[in-house]
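# Coordinates in review
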Amino acid sequence: MLSQTNQTVSTAAAHQLPQITEPRNPGMALDMDWVRSLQANTSAIERRAASLPARRSVKKQHQAAWLLRAVTCIDLTTLSGDDTEDRVARLCAKARQPVAQSLLDALEMGPITTGAVCVYHDMIPVAVRALEGSGIPVAAVSTGFPAGLSPFHLRLTEIEESVKAGAAEIDIVISRRHVLSGNWQALYDEMCAFRRACGDAHVKAILATGELGSLRNVARASLICMMAGADFIKTSTGKESVNATLPVTLVMIRAIRDYYARTGFRVGYKPAGGISKAKDAITYLAMIKEELGDRWLQNDLFRFGASSLLNDIERQLEHHVTGSYSASYRHPTS
């Protein structure tokens, strides 16, 4: 049971900043036999995913502990056309202090932070300045986000410029057409080029799973991106009509598990888009724990791509402390 393995509230976020002890995934040669062997039993996957929320429930101090862990795994994100420097600076302030000090004091918690702040390229310098000294990395979306249809050389240049500007993590989008047409060599070559352009910055490969047509395509695209050196695989840009779902998550993290079993390298996972409720965050964490184990509950291997999620988590923590819910405007994220 989840509750039997939960840590107490006082230790829930003891490792809230990335504790990078894992060697980076170097990738491997494209193995098409392995890729072609991947299948997806959609009905079985959907049954497994549907069973988890009903079977796994945590309460009281255990719930608070899991929610604090979720906070430390959030990539606090703003990707709006009307982003301003002031908005990004406020978001970074929230990343530094994601939970009200009064709640942390009541829970006997030390300081925690979010896992990263994710912005467009133009906002990288603002975020880097606002997060200086915090240890919180800046992530930038890149490669013609969200569609990934700009000229290839410009997508590579965009990555390089974001790294120069101070981004420690780059969220790239793959070319969906390679998956839909079964051109796996092209997807592999593209991902290899993106990884090289990132240099020391970690690369998260966004699959845009809602546009890939089938769970089998999701499994194969996940594996190929890992073969090409992705440090994380990520569900969505957040701009598609269908974003992160539990069935897609199950397919992707089982691909991660298989890759680790075959190569010995751990790859991270990031669900993004549509995760806005605290109870959903706990469900995702439960699935990660059951399928991948406790090591993947650290934020160097697991992130939520979210903004409004933090608001609901803080409201739930306030309810745990005070017995009543506060208005959502008391916990702004920007």
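Each value, and the rule that gives it
Residues numbered from 1 in each chain as written. Predicted model: local features only at pLDDT ≥ 70, side-chain atom pairs only at ≥ 80, totals over all residues. Heavy atoms only, no water. Helix = DSSP H or I, 4+ residues; strand = E, 2+ residues; numbered from the N terminus. Rg over C-alpha atoms; globule rule 2.2 N^0.38 Å. Buried < 20%, exposed > 50% of the residue type's maximum accessible area, 1.4 Å probe, protein only. Contact = heavy atoms within 4.5 Å. Areas by Shrake-Rupley, 256 points an atom, 1.4 Å probe, with all protein chains shown as cover. Expected span 1.5 Å × (residues − 1). Arc of directions from axis to C-beta. Polar contact = N/O pair within 3.5 Å; in protein donor to acceptor, adjacent residues only side chain to side chain. Pairing = 2+ DSSP bridges. Axes fitted to C-alpha atoms, helices over the stretch in contact; angles between N-to-C directions.

Glancing now at the overall build of the chain. When helices and strands are tallied, the chain shows 14 helices and eight strands. At 19 Å, the chain has a C-alpha radius of gyration in line with the 20 Å of a compact globule built from 334 residues. Overall size of the chain, expressed as C-alpha extent along the three principal axes, is 55 × 45 × 35 Å. When burial is assessed residue by residue, the chain has 55% of its 334 residues classed as buried. Here the contacts in the chain between residues at least 6 apart in sequence split such that 78% fall between residues at least 24 apart. Working note: accessible area of the chain is about 13,600 Å², and carbon and sulfur atoms make up 50% of it.

Look at helix α5 (residues 85-96): 17 Å from first C-alpha to last across 12 residues, which is about the 16 Å you get at 1.5 Å a residue. Looking at α5, one finds that the buried residues are Val88, Leu91, Cys92, Lys94 and Ala95. All buried residues of α5 lie within an arc of 155° about the axis, which places them on one face of the element. Close packing links the buried residues of α5 with β1 (74-77), β2 (116-119), α7 (124-130) and α14 (308-322).

With that out of the way, let us pick up the side chain of aspartate 231. Positionally, aspartate 231 belongs in the loop between α11 (215-227) and β6 (232-234). Side chain to side chain, aspartate 231 and arginine 24 meet in a polar contact 2.6 Å long.

What follows covers the sheet that holds β1. The strand order β7-β6-β5-β4-β3-β2-β1-β8 describes an open sheet built from eight strands, whose pairing is parallel. The two strands at the open ends of the sheet, each matched to only one other strand, are β7 (268-270) and β8 (304-306). Ignoring strand direction, the axes of neighbouring strands in this sheet form an average angle of 25°. Helix-sheet contacts for helix α8 (residues 152-165) involve β3 (138-141) and β4 (169-173), and the interaxial angle to β4 is about 165°.

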